[in-house]
Amino acid sequence: GDGTQMLQRSVWLDGKNAEEDVEPLPTFMSPALLSRFELFLEEPDREPCGSGAVCWRVGFAPRKGPKPKGGLEQQLLESSAGTLLVEQERFGIVRADAHITKPYESFRVDVHSFVLAMTQVEIGDTMVTSIVEFTYSYRPILGSSRTVKRYYEYMSVRLPVVPPF
């Protein structure tokens, strides 16, 4: 497995619940998904991340080469770059931010915004959850603009592999 347990999810299309209408996303931070990115330390490479812990600042960018075919969201996710804050001691991902590296256009759709953000939330002394929000807006070639917002809550998300640094 990937070390995560999903607690809750919701999908909204233009402000209306659309869980059955939108394709599922790959599991967030799974080894298969991470293998599609280059990971590297950013400068500065460390920063405090609460409760006395120290985090690595890990940059990620899409690997060069062919990408597996998938739906629109999978393609957006796999063409994104950003930063992970990773707790040094437990490899827990404290925060993630991502953006697409180039405009996405196809014969069917034109994506004009994409944001992925993940934050870690501590509840009491022992429970840690990770909230992932994934939002994008697009315009089908024959239609008006649409907005998709996904919300996921996981038990603490950890890097499934030991970082190469």
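Please refer to the structure placed before this passage.
Just so you know, these numbers come straight off a predicted model, no measurement behind them. (Residues numbered from 1 in each chain as written. Predicted model: local features only at pLDDT ≥ 70, side-chain atom pairs only at ≥ 80, totals over all residues. Heavy atoms only, no water.)

With that out of the way, let us pick up the pattern of salt bridges. Any two side chains of opposite charge can pair, given that their charged atoms come close. For the coordinates displayed, the defined rule picks out 8 salt bridges. The closest approach of N and O atoms between Arg-146 and Asp-14, which form a salt bridge, is 2.5 Å. Residue Arg-146 is located in strand 10 (residues 146-155), and its partner Asp-14 is located in the loop between strand 1 (6-13) and strand 2 (16-17); the two are separated by 132 residues in the primary sequence. According to the relative accessible area criterion, Arg-146 is partly exposed, its value standing at 29%. (Salt bridge = Lys/Arg side-chain N within 4 Å of Asp/Glu carboxyl O. Helix = DSSP H or I, 4+ residues; strand = E, 2+ residues; numbered from the N terminus. Buried < 20%, exposed > 50% of the residue type's maximum accessible area, 1.4 Å probe, protein only.)

Cis peptide bonds are those with omega within 30 degrees of zero, and the linkage from Glu-43 to Pro-44 qualifies with -10°. With respect to the helices, strands and loops of the structure, Pro-44 is situated in strand 3 (residues 37-48). The phi dihedral of Asp-14 is positive, around 50°, even though this residue is not glycine.

A separate point is the state of the cysteines. Following the criterion strictly, the structure yields 1 disulfide and no others. Between the sulfur of Cys-49 and that of Cys-55 lies a disulfide, 2.1 Å long from S to S. Its S-S torsion of about 85° marks the bond between Cys-49 and Cys-55 as right-handed, since a negative value means left-handed. The two residues Cys-49 and Cys-55 agree in class, both being buried. (Disulfide = S-S within 2.5 Å.)

Taken as a whole and assessed by the stated rule, the structure comprises 4 aromatic pairs. Ring geometry for Phe-134 versus Tyr-136: centroids 5.9 Å apart, planes at 70°, classification edge-to-face. The exposure class of Phe-134 is buried, given its relative accessible area of 1%. Ring centres of Tyr-136 and Tyr-138 lie 5.8 Å apart, and the angle between their planes is 35°; on these two criteria the pair is classed as tilted. The exposure class of Tyr-136 is buried, given its relative accessible area of 4%. With a relative accessible area of 14%, Tyr-138 lands in the buried category. Put simply, the rings of Phe-114, Phe-134, Tyr-136 and Tyr-138 pair up and form one aromatic cluster. (Phe/Tyr/Trp six-rings, centres within 6.5 Å; stacked < 30°, edge-to-face > 60°.)

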